Amino acid sequence: GKTTLDRPNDEAHGYAMILILDEVDTLVGSKVTEDLLKKLSSWAQDESKLLSLIGISNAVNNPKTTRLLEYGMGGDKLVFSRYRKDELVKITESKIGFSVVDKKALEFIAAKVAASSGDARRFLELVVLAIQSCRRKLPVKTTDSPLTKPVVTIREAMMAVRETNTKYKDIISSLTTIEKITLCTGVHLARKFGGKELTVTLLRNLVMECYGTESDDMSLEDFKGVLERLEDTGLFLIAGAKRKISSMGVMDLSRCPFKLDLQLEDVESAIEDTLLQQGFYQRMVDRVKSLTVKC
C-alpha cells in the first residue's frame, strides 16, 4: 500500500522501492492508466517517499513519450543506441553460430532491421520465420540428420522479410491516388532529409512539386485530411507532434515542425514492391532525389 513507501525516520533501516514500467508509452492514451502514471510520478517526486520510477520505451521523441514530460516523467533520460547490423549478427552467432542459418542470410536480415528500428526482437522474429520457411520445404530425413552446411539461405531470409510486408501491401493498394502520392513522396523525403524538421506546408509543397502540379491545387485542410488517413493506417508516422493530427487545427498544424518517422522499414519495402513498380511513382521518387530544399 501507499504507506509502505513512506520514508522511515531511521533511513539506515529503510529500503527503496524501484518500479520499472516496460513499454511505458503504451500507458498513455487511456484516462485510467494516465491517472495511474500521474499518481506514481507524484510519489516518485515526493521526498517523503522511497520510490524510484524507471520507464522503458522503444522511442524517446514520439507524441506519447513527450506527453510523459507533462507528468514529470522522462526528465532524466538514458538513451541506448539501436543495434547495428554487426551487433545483430553477433547475437545469433553466439547462440547458434552459422551451422543452420547461412551468414549471408543473417546479414541480409540484420541489414534490414538495422536500417529501420534496430530492434533485436524484430531481427529474431525474422530469423525464426526464415527457419520455419526452410523447415516446411526440407524432407524429413534432412531435418533428422546432422547438418554438413547451412540450410537456411538468403532466399529464405528474403521470403521472411517479404512475408511480413503483405499487410502493408494490402493497405497501400486500398489508398486513394493522392494518399499513395503523399506516402511515396513523404517516405523518400524522410530518407533524403534524415532527421531534419519539416512543416506540413513545406511537405505539401514538396508533394505537389513531386506530383508536378501547383501547391494551390490542394488546400491545407484537404492535405491535413490525407495525413490523418495515412496516420490512421500506421503507414505514415510523424515524430515530435504532441498530439494526433486529427486533433490539431489547420493553422497550428501548418506551423508545427515535425520529423517523418522512418521506423517502419517494412513500409518502404512494401512501397518498392507495389508503387515503385509503376513508372509514374518511380518518376516521383526521382524528383525527390533531385530536390534541393533548405529545411
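Per chain, the residues get numbers from 1 upward, laid out in the order the sequence is written. With the structure being a predicted model, the display of local features is reserved for residues of pLDDT at least 70 and the display and counting of side-chain atom pairs for 80 or more, all residues being used for whole-chain, interface and lining totals. Calculated side-chain values reflect all of the structure's heavy atoms, with hydrogen atoms and water omitted.

### Some details on the overall build of the protein chain
Note on conventions: DSSP H or I runs of at least 4 residues are helices, E runs of at least 2 residues are strands, and numbering of each starts at the N terminus. Tallying secondary structure elements over the protein chain gives 14 helices and 4 strands in all. Per-residue accessibility, obtained with a 1.4 Å probe over protein chains only, is compared with the maximum for each type, and a residue is labelled buried under 20%, exposed over 50%, and partly exposed between these values. Taking all 295 residues of the protein chain together, the buried fraction comes to 37%. Only heavy atoms enter the contact rule, under which two residues are in contact if any of them lie within 4.5 Å. Counted over contacts in the protein chain with a minimum sequence separation of 6, partners at least 24 positions apart contribute 71%. For the protein chain, the computed accessible surface area is about 17000 Å², with 52% contributed by carbon and sulfur atoms. The accessible surface values rely on the Shrake-Rupley method and a 1.4 Å probe; as for residues, cover is taken only from the protein chains in view.

### Describing the environment of Thr 233
Along the chain, Thr 233 turns up in helix H11 (residues 220-233). Here the alpha-carbon distance between Thr 233 and Ile 171, two residues 62 residues apart in the chain, equals 7.5 Å. The contact partners of Thr 233, leaving out residues within four places of it in the chain, are Ile 171 and Leu 175.

### Here we look at unusual backbone geometry
Here the phi dihedral of Glu 23 falls at roughly 50 degrees; this positive angle occurs in a residue that is not glycine. For Glu 23, a relative accessible area of 23% gives the class partly exposed.

### Quick word on the packing of helix H9 (residues 177-193) against helix H14 (residues 279-290)
Every axis in this analysis is a line fitted to C-alpha atoms, fitted for helices over the stretch in contact. Angles between the N-to-C directions lie between 0 and 180 degrees. In contact at an axis separation of 9 Å, H9 and H14 are set at 35 degrees when each is read in the N-to-C sense. The way H9 lies across H14 gives a crossing that is right-handed. Contact residues: H9 offers Thr 177, Lys 180, Ile 181, Cys 184, Thr 185, His 188, Leu 189 and Lys 192, while H14 offers Phe 280, Tyr 281, Met 284, Val 285, Val 288 and Lys 289. Left-handed describes a crossing in which the near helix is turned anticlockwise from the far one by less than a right angle; the clockwise case is right-handed.

### Some points on the confidence of the model for the protein chain
Detailed reading of predicted coordinates is not advised where the pLDDT is low. pLDDT runs from 0 to 100 and stands for how confident the predictor is about each residue. When pLDDT is averaged along the protein chain, the result is 78; 78% of the residues meet or exceed 70. For the protein chain, strand S4 (residues 259-261) is the element with the lowest average pLDDT, namely 59, and helix H3 (residues 85-96) is the one with the highest, namely 92.

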